[in-house]
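What the coordinates show
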Amino acid sequence: MIVTKAPPLPRLGKSLRRPDGMAKARGVFKFSSDLDEPGMLWGHLVRSPHPAARIAEIDISPARAMAGAAAVLLAGDVPGRPTYGLNYPDQPVFASDEVRHVGEVVAAVAADHPLTARRAAEAVAVRYEVGEPVTDPEVALRAAPVHPLGNVLAEQRVVRGDVAAEGDVVVEGYYETGMQDQAFLGTEAALAVPDGQGGIDIYVATQWLHIDQDQISASLGVPHDQVRVHLAGVGGSFGAREDLSMQIPLCLLALRTGRAVKMVFGREESFLGHVHRHPARMWYRHSADRSGRLVKVEARILLDGGAYLSSSPAVLSNVACFAAGPYRVPNAFVEATCARTNNPPCGAMRGFGSVQVCVAHEAQMDRLAAALGMDPIELRRRNALRPGDDLVTGQVLEGAVPVIELLEACSSAPLPPERHWETTEPGDLALPGGSGRAAEPLRVRRGVGVALGFKNIMFSCAFDDYSVARCRLEGGRVTITTAAAEVGQGLVTLLHQIAGEVLGTDEVVLAEASTVGIGSAGSTSASRQSVMTGGAVQAACQAVADAVLAATAARVGVPRASLQLAGGRVVSDDGCVDVPVAEAGALCGECFEETVTYQHAATAELDEKGQGDAHVAFVFSAHRAVVDVDVDLGLVKVVEMTTAQDVGRVLNPLQLVGQIEGGTSQGVGFAVMEELIVEHGRVRNPSFTDYAIPTALDMPPVRIAALVQEPQPGLPFGAKGAGEPPAISSTAAVLAAVRDATGVAVNRAPVHPPDIALALAPGTRAGQGDAGVTPS
Amino acid sequence: MSAPELLSYRLWVNGHAREVEGGRLEESLLYVLRERLGLTGTKNACEEGECGSCSVLVDGRLECSCTILAASAVGRDIVTLEGLSPGGGATALQLAFVEAGAVQCGFCTPGLVVAVTDLLARVPEPTDDEIREAISGNLCRCTGYGRIVEAVRRAARAQAAGMRTAP
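Values in this document were obtained by computation on a predicted structure and should not be read as measured data. (Residues numbered from 1 in each chain as written. Chains lettered and ligands numbered in written order. Predicted model: local features only at pLDDT ≥ 70, side-chain atom pairs only at ≥ 80, totals over all residues. Heavy atoms only, no water.)

Things to note about the overall build of chain B
Within chain B, the regular secondary structure consists of five helices and five strands. Along chain B, helices and strands appear, N-terminal first, in the series β-β-α-β-β-β-α-α-α-α. Radius of gyration (C-alpha) of chain B: 16 Å, near the 15 Å computed for a compact globule of 167 residues. Along the longest, intermediate and shortest principal axes, the C-alpha atoms of chain B span 55 × 30 × 25 Å. Scored against the burial criterion, the 167 residues of chain B give a buried share of 55%. Counting only contacts in chain B whose residues sit at least 6 apart along the sequence, the fraction spanning at least 24 positions is 52%. As displayed, chain B has an accessible area near 6700 Å², and 50% of this comes from carbon and sulfur atoms. (Helix = DSSP H or I, 4+ residues; strand = E, 2+ residues; numbered from the N terminus. Rg over C-alpha atoms; globule rule 2.2 N^0.38 Å. Buried < 20%, exposed > 50% of the residue type's maximum accessible area, 1.4 Å probe, protein only. Contact = heavy atoms within 4.5 Å. Areas by Shrake-Rupley, 256 points an atom, 1.4 Å probe, with all protein chains shown as cover.)

Some points on the domain arrangement of chain A
Residue and element names in this part refer to chain A. Per the domain assignment, the segments making up chain A are domain 1 (400-457 + 618-776) and domain 2 (466-599). Between domain 1 and domain 2, the C-alpha centre-to-centre distance is 41 Å. Domain 1 puts 17 residues into the contact, and the matching count from domain 2 is 13 residues. Here domain 1 meets domain 2 over a buried area of about 1200 Å², counting both sides, of which 58% is carbon and sulfur. The largest share of the area that domain 1 buries against domain 2 comes from Gln655, Pro716 and Phe717, three residues that together contribute 44% of it. Counting every contact that joins domain 1 to domain 2 gives five residue pairs in polar contact (both at pLDDT 80 or more). (Domains from an automatic or database assignment. Buried area = accessible area lost by both parts, 1.4 Å probe. Polar contact = N/O pair within 3.5 Å; in protein donor to acceptor, adjacent residues only side chain to side chain.)

A word on the packing of aromatic side chains
All names here are of chain A. Applying the stated criterion across every chain, the model contains 14 aromatic pairs over all chains. Considering the side-chain rings of Tyr174 and Trp283, the 5.0 Å spacing of their centres and the 50° angle between planes classify their relative orientation as tilted. In this pair, Tyr174 is assigned in strand 11 (residues 169-177) and Trp283 in strand 17 (residues 280-288), connecting sequence segments 109 residues apart. Judged by centre distance (5.5 Å) and plane angle (10°), the ring pair of Phe454 and Phe620 falls under stacked. In this pair, Phe454 is assigned in strand 21 (residues 444-457) and Phe620 in strand 29 (residues 617-630), connecting sequence segments 166 residues apart. You'll find Phe454 and Phe620 in the same group, each marked buried. Members of the aromatic cluster, joined through ring pairs, are Phe322, Phe454, Phe618 and Phe620. If you follow Arg47 out to its NZ or CZ, it ends over the ring of Phe265, 5.0 Å from the centre. In this structure, Arg419 packs its charged tip against the face of Trp421, placed 5.2 Å from the ring centre. (Phe/Tyr/Trp six-rings, centres within 6.5 Å; stacked < 30°, edge-to-face > 60°. Lys NZ or Arg CZ within 6 Å of the ring centre and 35° of its normal.)

A short note on the sheet that holds strand 25 (residues 563-566) of chain A
Residue and element names in this part refer to chain A. An order of 25-26-27 is seen for the three strands of this open sheet, with the pairing classed as antiparallel. Every interior strand has two partners, whereas the edge strands, strand 25 and strand 27 (578-580), have only one. Here the strands of the sheet are splayed against their neighbours by 25° on average, with no regard to which way each runs. As defined by bridge partners, strand 25 adjoins strand 26 (residues 569-572) across four bridges and the pair is classed as antiparallel. Residue pairing in the sheet places Ala566 in a bridge with Arg569 of strand 26. Contacts between helix 13 (residues 529-556) and the sheet are confined to strand 25 and strand 26, with strand 25 contributing the most and set at about 150° to the helix. (Pairing = 2+ DSSP bridges. Axes fitted to C-alpha atoms, helices over the stretch in contact; angles between N-to-C directions.)

Overview of the interface of chain B and chain A
The interface of chain B with chain A comprises 51 residues on the first partner and 62 residues on the second. Between Arg17(A) and Glu99(B) there is a salt bridge, with the nearest N and O atoms lying 2.9 Å from each other. For the pair chain B and chain A, the interface holds 28 residue pairs in polar contact (both at pLDDT 80 or more). Only helix 1 (29-36), helix 2 (92-100), helix 3 (109-122), helix 4 (128-134) and helix 5 (146-160) of chain B provide two or more residues apiece to the side of chain B that touches chain A. (Salt bridge = Lys/Arg side-chain N within 4 Å of Asp/Glu carboxyl O.)

Some details on the environment of Gly567(A)
All names here are of chain A. Relative to the helices and strands, Gly567 is located in the loop between strand 25 and strand 26. Given the relative accessible area of 52%, Gly567 is considered exposed. Placed 66 residues apart in sequence, Gly567 and Glu501 show a C-alpha to C-alpha distance of 7.0 Å.

Focus: unusual backbone geometry
Going from Ala749(A) to Pro750(A), the amide bond is cis rather than trans, its omega being -5°. Counting through the fold element by element, Pro750(A) comes out in the loop between strand 34 (748-749) and helix 18 (753-760). Look at Asn14(B): it is not a glycine, yet its phi comes out positive at around 55°. Within the secondary structure, Asn14(B) is located in the loop between strand 1 (6-13) and strand 2 (16-24). With a phi close to 55°, Glu47(B) is a non-glycine residue in the positive phi region. Within the secondary structure, Glu47(B) sits in the loop between helix 1 and strand 3 (55-58).

What to know about the sheet that holds strand 9 (residues 125-130) of chain A
Taken in spatial order, the three strands make up an open sheet running 7-3-9 (chain A), and their pairing is antiparallel. Two strands lie at the open edges of the sheet, namely strand 7 (98-99) and strand 9 of chain A, each paired on one side alone.

Thoughts on the packing of helix 12 (residues 491-503) of chain A against helix 13 of chain A
All names here are of chain A. As a packed pair, helix 12 and helix 13 sit with axes 9 Å apart at the nearest point and diverge in direction by 30°. Between helix 12 and helix 13, the angle is such that the two are roughly parallel. The element helix 12 and its partner helix 13 pack so that their crossing is right-handed. Contact residues: helix 12 offers Leu491, Leu494, Leu495, Ile498, Ala499, Val502 and Leu503, while helix 13 offers Gln529, Ser530, Thr533, Gly534, Val537, Gln538, Cys541, Gln542, Val544 and Ala545. (Parallel < 35°, antiparallel > 145°, perpendicular 65-115°, else oblique. Left-handed = near helix turned anticlockwise from the far one by under 90°.)

Overview of helix 3 (residues 114-123) of chain A
Of all the 10 residues making up helix 3 of chain A, seven are buried; the element is thus mostly covered by neighbouring parts of the structure. All of the buried residues along helix 3 of chain A are Pro114(A), Leu115(A), Thr116(A), Ala117(A), Ala120(A), Ala121(A) and Ala123(A).

A word on the side chain of Gln645(A)
All names here are of chain A. As for its position among the elements, Gln645 is in strand 30 (residues 635-646). Among the polar contacts made by the side chain of Gln645, one reaches the side chain of Ser621 at a distance of 3.2 Å. One polar contact links Gln645 to Thr643, side chain to side chain, over a distance of 2.8 Å. For Gln645, the contacting residues outside a window of four places in its chain are Leu406, Phe620, Ser621, Ala622, His623, Ile660, Ala706, Leu707, Val708, Pro725 and Pro726.

Listed below in structure tokens is the structure:
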């Protein structure tokens, strides 16, 4: 079902094929790891094996003496700023005095073969004086500082209404989410090529070219314009490429050796070498009147930010803003804190902040419904945000707020047929655990759960958020230049469609994305590129169209006012002129070029009570999950996911489905299998053997019950970003379905089989239905 | 550490003899295909035999090239993604992947194309369960597999209808 309040457009709304699709299918698309340069060296990083230690001594002579080794670099070899960071440079390029997490970079080597580089890295002898790591975020708040800047990375309160207000019914709960990894397939990789004059070109898979350039330039001590960052093919990102990984050490190696150097992380190094989704501990208290209307939501939320800041402030801000869920909440008290620990650094991941609190606020809504004896769908309907409502931050919602429509579409969709377990053979693929596990058909129970979630799109809290695009029209051919990172989501297709829409042509070429000759497009994150770079391309093309119109008027000898732009065409009042803009431009015999900066409406900081218009727009999401659970083994099979999404306008239906299915899949994975296990600061499962992501057998079909198209005022074409919403409510819906199937009060993502099996096992607290974890 | 011993040997790749000069014993088939023979269509996502991105056919069997030492593949018949469309065009399966929306970041796509080519050669009209089981050794992080399953269905139908390679 597509609920549409948007009139159709000629090119947008069609499933144009992605321009890089065939190159990718044929294996000729160049990912960053596919690049090479004659005579290049291979780089490798030396990483700390300890979560907390002082560096007593580093001896590089064994590595330096190795045949084939070309360079070994330490902190003293960084000519410029010794630290870097997305929000604030608190992270050393190379640790020199102490290390604060396992995997922290201590040195870099270059050699003539990747295996030699790895051996040389192993030969760098670092003598550590091992300390006691701070690995519990609660302890961190009282512990000696892990870093000179202290152990509080970010904090935000939200205080609204009468915090002493109390409803008739009160429910309390404690919830946790684990550390999820983005687990993109293409590991971190880049090639750095020195230009022989002190400058450098780096070809890298990243999410934001210009912020990489800023940080590389600062640490290299090389002028900005001599650090040229080019986008190399990106094998997925999901937030993990927003921070630098190897860029600075790699450029330093290339400048030191005067040769091209390439570096590719292995899978284990990838797990250690990028930020993860923040683990969260969440204490909640909801109160409502007897009719089910929410009176107050209280929450205390503690994130583990790991050793360095990364994007923790943005994640924490989202946690605070969206803690109460997409509901009308007259009174609220939220206290959110992000602690610094000696655990791996955490930062951006798809749906950041909203994914964690959705697990908690949706479990609370189900708990409240049970306490009221009310249907959980009805409870949500009564409390759902509506157009014109305000959030707990005081921000009034403008434009589409289709929470009830999403809820209705999801909850009223047909359910998949019941399984007839009595006739199912053991080993059937449909059983929880699949063919290789021993689920007993008659011990399988089905459950259904629904969840709602929401999130901001684009950057918030007064951030100067913009994107620059250039449109050049020459001889009927359109060239679009931006620095936006295509990471797999299909932005390249949308930019083709948008340019084609405005200029009335399919002859569109996208220039390679780089920092050379074009301003920043901002980050490919926060569901922002369709709006921001889409908006910049639309505006640049519109400026060209206006110029073509003026030139056409002059050429034809008619008043400018007698011509109009309509549907990508230049049209005269009398109908004598009616030609696509691109063709009209070619007829003028000129080259038209316009560069435009697109900015969204300004946002404000949150004040100390968490009040303020901090966000420019919101997206809402609903999921319904159907699961089968073997109650003895605790194995969960997700049978079906149904979703409804608030999209503003569909720009490319096929790509939208791809975002929805893919985002839902990451949510399913987080619900039932994905967790980086960190013990005493050490990641125990940095491999695809032990960190399992959904396979084609784990991931069920996704039913799209509704795409609500209500164009958002102020956004180009009214389209909202669609990358994150499918990841927000999927995890919470699966956990709700598991609770429904088992009666176990699962309070943690992901739910592991023992959380279910042990809660129901004889001799435990069977029947009480408590599972998972309790607060420390 | 002394310099590693270097080997020279011949591999049979996509129907052609390919000489490897000065290779190291510990180099995987994946490494040699990509870095020495320039066949970067075979991808390096985990290098531990878990993700299927480096899938190739060795003597007709689907294998992860990351878990095979290159020097041990002497005398074997190796087919990579590049060998599936010798003329340089696209196979019907590759076209189906693009048209069905099965390609996003595309890093898993080559391995999936090799795995599904193997499936459709063995099972021309697979059920959805057979498709999902056959590709369960190929991890994809972008798509959630829905469009990939659809691409395989389309390719199977095209194959059944006797369609040949597209330009």
